[in-house]
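Letter by letter, the chains look like this.
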Amino acid sequence: MKKTISLVMIVKNEAVFLQRCLESAAKYVNEIVIVDTGSTDHTKEIALAFNATVYDYRWNNDFSAARNFALDRSTSDWNLVLDADEFISNDCAEAIRDFIENKEAIGKIKRVDKFSGPDGINYEQIYISRLFPSSCRYSGKIHEQIISDLPRVIIDVEIQHDGYFQQSKNERNIPILLEVIKENPLDPYFHFQIAKEYRGLERHEEALAHLKIAYANMTHQESYAPSIIVNLIYAIIATGQLGEGIQIIDSELEFLNEYPDFFFVSALYLLELISSDPEQYGGLVSLIEKYYKKALEIGDNGREGSVLGTGSYAALHNLGVFYEVTGRMVEAKECYAQAAEMNYSPSKDRLTGIHL
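Residues numbered from 1 in each chain as written. Predicted model: local features only at pLDDT ≥ 70, side-chain atom pairs only at ≥ 80, totals over all residues. Heavy atoms only, no water.

Chemist: I tried to follow helix H14 (residues 329-341) on my own but got confused; where do I start?
Modeler: Residues that lie three or four places apart on an α-helix share one face, since the helix turns once every 3.6 residues. Compared with an ideal rise of 1.5 Å per residue, which puts 13 residues at 18 Å, H14 spans 18 Å between its outermost C-alpha atoms and is within 8% of the ideal. Of all the positions in H14, only Ala332, Cys335, Tyr336, Ala339 and Ala340 are classed as buried. Take H14 and look down its axis: the buried residues cluster within an arc of 135°, on one side only. Opposite the buried face of H14, by more than 90 degrees, sit the exposed residues Val330 and Glu341. Buried-residue contacts for H14 involve helix H13 (313-325) and helix H15 (345-353). (Helix = DSSP H or I, 4+ residues; strand = E, 2+ residues; numbered from the N terminus. Expected span 1.5 Å × (residues − 1). Buried < 20%, exposed > 50% of the residue type's maximum accessible area, 1.4 Å probe, protein only. Arc of directions from axis to C-beta. Contact = heavy atoms within 4.5 Å.)

Okay, here's the thing in structure tokens:
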């Protein structure tokens, strides 16, 4: 007998997103279970239109409790968990079916997060545990994790996430994270997560403080360890507290040898450092070119937490800017042209301004 699968969700006031999510996922599941934590819009009506079973739940600032309440109401062998502001973007029927019929594991799916950056729209990719046997449950009040000894296996399911694009959920998340950090003062994961919330609010000093704690307490075995380091360097740039960056970069070169984001942000950092004191740091200029070229050599390789473009069009563009300001106009134009072929708008704009 074929194994069954449920889509399990918790929602609140998600009428803007929910239909898109359900349209993308309904064809892959046998059942839809939706737990509503207090919607005042048409969220529940949209869910019912997809024949979902809808339950009400009193929100208590604990995501795991709400998710586990929802999982308890699933009647299937397997559960797929999505948020309303996510949607499946690839044809994954075969991948899902093969996984639930033949694996005893937890499926990690790729999520592509859309967010606004200083150079426009960016996309970060992470892998999250979202497809698992019905016995699995969550732990953690926020940024909850599946607790299980089962192996984690990446499967060919891709979801897009744009719920944080040009909007904020910081007011909801920060108080919960502060409460969790009080209970777990040295846990690098929660310091990393709250730093991302502060970064979204452009409260860079607070982000830096938490990233320093995360960095000091991580073991380098965490899947998110590279993201802590990369975000720490970005926070150092944003606050202008440039002194510690060189030591961090030098000590992490070997560990992050295959991460384009690390070399990309390291080049950005060096530009800021040299600009702050050309006399002292001018000798490091050649490293900027070296690091951008290293990012391009690695390429956009799909590593956890990687931002698309740091190994391709964005690195090409920034290398082009470096060549342009150092008078190497032919090389600058070549970099811009390559990035423009990848449809990178800033490079298209720069090409129109270059006269050889």
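Past the structure itself, the notes keep going.
Chemist: How should the nonpolar core be read in this particular structure?
Modeler: What tends to happen in soluble globular proteins is that the nonpolar side chains get buried as a cluster. By size, the foremost hydrophobic cluster in this structure holds 75 residues, and its most contacted members are Phe132, Ile229, Ile233, Phe262 and Tyr269. Excluding residues that lie within four positions of it along the chain, Tyr269 makes contacts with Ile233, Ile236, Ile237, Leu242, Gly245, Ile246 and Ile249. In this structure, Phe17, Leu18, Ile46 and Trp78 belong to the second largest nonpolar core, which totals 33 residues. (Core = buried A, V, L, I, M, F, W, Y, C linked by side-chain atoms within 4.5 Å.)

Chemist: What is the right way to look at the environment of Arg67 in this model?
Modeler: With respect to the element layout, Arg67 can be found in helix H3 (residues 63-72). In this structure Arg67 comes out as buried when scored by relative accessible area, which is 7%. Aside from chain neighbours lying at most four places away, what touches Arg67 is Ile10, Val81, Asp83, Tyr138 and Glu144. For Arg67, the side chain forms a polar contact with the side chain of Glu144, separated by 2.5 Å. (Polar contact = N/O pair within 3.5 Å; in protein donor to acceptor, adjacent residues only side chain to side chain.)

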